Amino acid sequence: MFVIVAAPTGVVYQNQCGGYACAQYEQEGYLVPLYGTELDEDMNEIFVGGLKGWGMRGRSWPAGVLDRLRAAVGSLGMYGSGRHEDPYPPSLVLDESRLSEAAEAWLPVVTPDGPGVLVWENSD
């Protein structure tokens, strides 16, 4: 899993997203890897198991799914901020103001460095 932090870098990252839609979304910024094993397990349970692979933009997000997304994003552990002196920066937070952009393998988040997108391997 990675976070693409939005920033004017001139570098644009793409990720295949949206489950069966196989859409290509992109974000300009810089890439921050998240370290650990099976980090995408909760996301796959939500998008592949619960939403049956159809987790893509423009859908309504039931309250139970949003609760699970919030918890899954918050449990990802330490985010390695490059601009903060804090050795234990706050975890990522689901950016609910941008839920209309959310899809499987593409979740808007708030990072210690500003807005970003959490990405992982699409399930198709």
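Scroll up to find the structure this text is about.
No experiment lies behind these values; they were computed from the predicted model shown.

**Here's the deal with the nonpolar core**
Consideration 1: If you look at the biggest cluster of nonpolar residues, it comprises 33 residues, and the most contacted ones within it are Met 43, Phe 47, Trp 61, Leu 69, Leu 107 and Leu 118.
Consideration 2: The set of elements that each furnish at least two residues to this core consists of strand E1 (2-6), strand E3 (23-33), helix H1 (41-50), helix H2 (63-74), strand E5 (106-111) and strand E6 (114-119).
Consideration 3: Looking at this core, the element that brings in the most residues is H2, giving five residues.
Consideration 4: With residues up to four places along the chain from it excluded, the contact list for Leu 118 reads Met 1, Phe 2, Val 3, Leu 34, Met 43, Val 73, Leu 76, Leu 92, Ala 105, Trp 106, Leu 107 and Val 109.

**As for the packing of aromatic side chains**
Consideration 1: Under the criterion given, the structure shown has two aromatic pairs.
Consideration 2: Pairing Tyr 25 with Trp 106 gives two aromatic rings, centres 5.6 Å apart and planes at 75 degrees, and the pair type is edge-to-face. Taken as a pair, Tyr 25 in strand E3 and Trp 106 in strand E5 lie far apart in primary sequence, 81 residues in all.
Consideration 3: Owing to a relative accessible area of 2%, Trp 106 belongs among the buried residues under this scheme.
Consideration 4: Taking the centre distance of 5.8 Å and the plane angle of 45 degrees together, the rings of Phe 47 and Trp 120 count as tilted. Placement of the pair is Phe 47 in helix H1 and Trp 120 in the segment after E6, with a sequence separation of 73 residues. Like Phe 47, the residue Trp 120 is buried in the burial classification.

**Some remarks on H2**
Consideration 1: Here H2 spans 17 Å end to end across 12 residues, near enough to the 16 Å set by a 1.5 Å rise per residue.
Consideration 2: Along H2, the residues that are buried comprise Val 65, Leu 66, Leu 69, Ala 72 and Val 73. Down the axis of H2, the buried side of the element spans an arc of 130 degrees, and every buried residue falls inside it.
Consideration 3: Buried residues in H2 make contact with H1, strand E4 (93-94), E5 and E6.

**Describing the sheet that holds E1**
Consideration 1: With respect to topology, six strands assemble into an open sheet ordered E2-E3-E1-E6-E5-E4, the strand pairing being antiparallel. Pairing within the sheet leaves two strands with one partner each, and these edge strands are strand E2 (12-17) and E4.
Consideration 2: Bridging between E1 and E6 involves four bridges; their strand directions are antiparallel. Directly across from Val 3, in E6, lies its bridge partner Leu 118.

Analysis parameters
- Residues numbered from 1 in each chain as written.
- Predicted model: local features only at pLDDT ≥ 70, side-chain atom pairs only at ≥ 80, totals over all residues.
- Heavy atoms only, no water.
- Core = buried A, V, L, I, M, F, W, Y, C linked by side-chain atoms within 4.5 Å.
- Buried < 20%, exposed > 50% of the residue type's maximum accessible area, 1.4 Å probe, protein only.
- Helix = DSSP H or I, 4+ residues; strand = E, 2+ residues; numbered from the N terminus.
- Contact = heavy atoms within 4.5 Å.
- Phe/Tyr/Trp six-rings, centres within 6.5 Å; stacked < 30°, edge-to-face > 60°.
- Expected span 1.5 Å × (residues − 1).
- Arc of directions from axis to C-beta.
- Pairing = 2+ DSSP bridges.

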